[in-house]
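Analysis of the macromolecular model
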Amino acid sequence: MSFQKLVKALLFTLLFCQSSRAADEEDIIWGVNSSPPFHIFYGEYKDLGFCDALVTAFQRQLPELSHKIRKLPSRRITMLMRKNKNLCFPCLIKKTNYNSEFSYTETTHLYQPHGIITRASIASRIIKNYGQPVVFSQLVKDPDLRFAQPTERRYGRLQAVLEEHLIDSDNFSFISGDNANVNLLTMIVNERIDYTIDYSSIMTYYNETQSKRSELVFLPIAEYDNEFIEGAVGCSNNEWGRKAVNQLNRVIPQIKTDPDFQRALDKWMGNNRPRTN
């Protein structure tokens, strides 16, 4: 290698290292993924998801901090966090055993629990055989109904039921890729699968963005009776992440009353959604 090429290579390496170090020194690094209506990357509602609004609210309340947004698949976000790379993931579910190693902020908002989303014709059969609300631990044993879930989604304590009765069976599928949660609903409408578990807000988004309203039905699950799910920001469990959580916690009271964030929650969850105050 010539001296000139060696100098160029060294300069490139130095600039790359400085760039990587500068990125790591950002006060808050947000990892976001395409998952409407949490984060919306495309279409009529671009950047109008309720987690988009949450990130924007934190930026507005903490202007003295530097904020960087990294668009990544959700699997990569959690992988990087588990490797203690500096990253915060908005809208994670608190108190779950599969993400217990992360550092969490105080609760930012509440979700109504997951329910079953299916076609109207299948819904009547499920209600007849498994009640309303549906006893999920019995439904998963039905040998004739096909279930699918996004690769990176997990469903709290219901996940153990899925893993015991459905995963690795012919009636189970993982769906990957951007907007997998929404694409699943198209698969249900087209009768490629029969049901999934998700929030009612996913169905709201789906109906809002289709040319005609679907006949999808949302059924409450008995195992979640009278429970709400706590949403929060999860950060890497290292010194940087714990500092980021402390910074974010300072403005949680303002976040809970931020008008734009509250409007986004109302838009996708409905005015009757559970509230933190």
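Right, let's walk through the structure included here. Since the model is a prediction, treat every value here as computed from it, not as a measurement.

Time to look at the overall build of the protein chain. When helices and strands are counted, the protein chain shows 11 helices and 11 strands. Overall, the protein chain is about 75 × 50 × 40 Å in size when its C-alpha atoms are taken along their principal axes. Considering the protein chain as a whole, with its 277 residues, one finds that 51% of them fall into the buried category. Of the contacts made within the protein chain by residues no fewer than 6 positions apart, 75% connect residues no fewer than 24 positions apart. Summed over all atoms, the accessible surface of the protein chain reaches about 14,000 Å², with 50% contributed by carbon and sulfur. The distance from the centre of the 34 positive side-chain charges to the centre of the 31 negative ones in the protein chain is 5 Å.

Let us now look at the packing of aromatic side chains. To describe a pair of aromatic rings, one takes the distance between the centres and the angle between the planes. Per the stated rule, a full pass over the model turns up 12 aromatic pairs. Where Phe172 meets Phe174, the ring centres are 4.8 Å apart and the plane angle is 90°; that geometry is what we call edge-to-face. In this structure, Lys71 is placed above the aromatic ring of Phe41, and the distance from its NZ or CZ to the ring centre is 4.4 Å. The aromatic ring of Trp268 is capped on one face by Lys267, whose charged end is 5.3 Å from the ring centroid.

Moving on to the state of the cysteines. This structure, assessed with the given rule, holds two disulfides. Covalent S-S linkage joins Cys88 and Cys235, the inter-sulfur distance amounting to 2.1 Å. Sign of the S-S torsion, about 105° for the bond between Cys88 and Cys235, identifies this disulfide as right-handed. Of this pair, Cys88 sits in strand S3 (residues 88–93) while Cys235 sits in strand S11 (residues 229–235), and the two are 147 residues apart along the sequence. The exposure classification of Cys88 matches that of Cys235, with both residues buried.

Attention now moves to the side chain of Thr78. Looking at the element boundaries, Thr78 is found in helix H3 (residues 74–82). One polar contact links the side chain of Thr78 to the main-chain carbonyl oxygen of Arg75, over a distance of 3.1 Å.

This part takes up the packing of helix H7 (residues 180–189) against helix H8 (residues 200–209). Look at H7 against H8: their axes get within 10 Å of each other, and the N-to-C directions meet at 70°. In terms of axis orientation, H7 runs roughly perpendicular to H8. Contacts from Asn181, Val182, Leu185, Thr186 and Val189 of H7 reach H8 at Ile202, Met203, Tyr205 and Tyr206. Considered class by class, the residues forming the contact of H7 with H8 number seven nonpolar, two polar and no charged.

Let us now look at a positive patch on the surface. Together, Lys68, Arg70, Arg76, Lys83 and Lys85 make up a positively charged patch on the protein surface. Within the fold, Lys68 resides in strand S2 (residues 67–71). By relative accessible area, Lys68 is classed as partly exposed at 31%.

Mapped onto the elements of the fold, Met203 is located in helix H8. Met203 sits in the buried class, given a relative accessible area of 13%. Apart from residues no more than four positions distant in its own chain, Met203 is found in contact with Ile117, Leu185, Leu216, Val217 and Phe218.

Topologically, Phe50 is positioned in helix H2 (residues 50–61). Setting aside residues up to four positions removed in sequence, Phe50 forms contacts with Pro37, Phe38, Cys91, His109, Tyr111, Ser201, Phe261, Ala264, Leu265, Trp268 and Met269.

Counting residues in hydrophobic clusters, the biggest one holds 62 residues, and the most contacted among them are Trp30, Phe38, Phe50, Phe58, Tyr111, Val233 and Leu248. Among the elements that take part in this core, H2 stands out by supplying seven residues, more than any other. Counting residues in each nonpolar core, the second largest holds 23 residues, with Ile126, Leu139, Val140 and Ile221 among its members.

Rules used in this analysis
- Residues numbered from 1 in each chain as written.
- Predicted model: local features only at pLDDT ≥ 70, side-chain atom pairs only at ≥ 80, totals over all residues.
- Heavy atoms only, no water.
- Helix = DSSP H or I, 4+ residues; strand = E, 2+ residues; numbered from the N terminus.
- Buried < 20%, exposed > 50% of the residue type's maximum accessible area, 1.4 Å probe, protein only.
- Contact = heavy atoms within 4.5 Å.
- Areas by Shrake-Rupley, 256 points an atom, 1.4 Å probe, with all protein chains shown as cover.
- Lys, Arg positive; Asp, Glu negative; His and termini not counted.
- Charge placed at Lys NZ, Arg CZ, Asp CG, Glu CD.
- Phe/Tyr/Trp six-rings, centres within 6.5 Å; stacked < 30°, edge-to-face > 60°.
- Lys NZ or Arg CZ within 6 Å of the ring centre and 35° of its normal.
- Disulfide = S-S within 2.5 Å.
- Polar contact = N/O pair within 3.5 Å; in protein donor to acceptor, adjacent residues only side chain to side chain.
- Axes fitted to C-alpha atoms, helices over the stretch in contact; angles between N-to-C directions.
- Parallel < 35°, antiparallel > 145°, perpendicular 65-115°, else oblique.
- Nonpolar A, V, L, I, M, F, W, Y, C, P; charged D, E, K, R; others polar.
- Patch = residues over 30% accessible without salt bridge, like charges linked within 9 Å, V, L, I, M, F, W, Y side chains within 5 Å.
- Salt bridge = Lys/Arg side-chain N within 4 Å of Asp/Glu carboxyl O.
- Core = buried A, V, L, I, M, F, W, Y, C linked by side-chain atoms within 4.5 Å.

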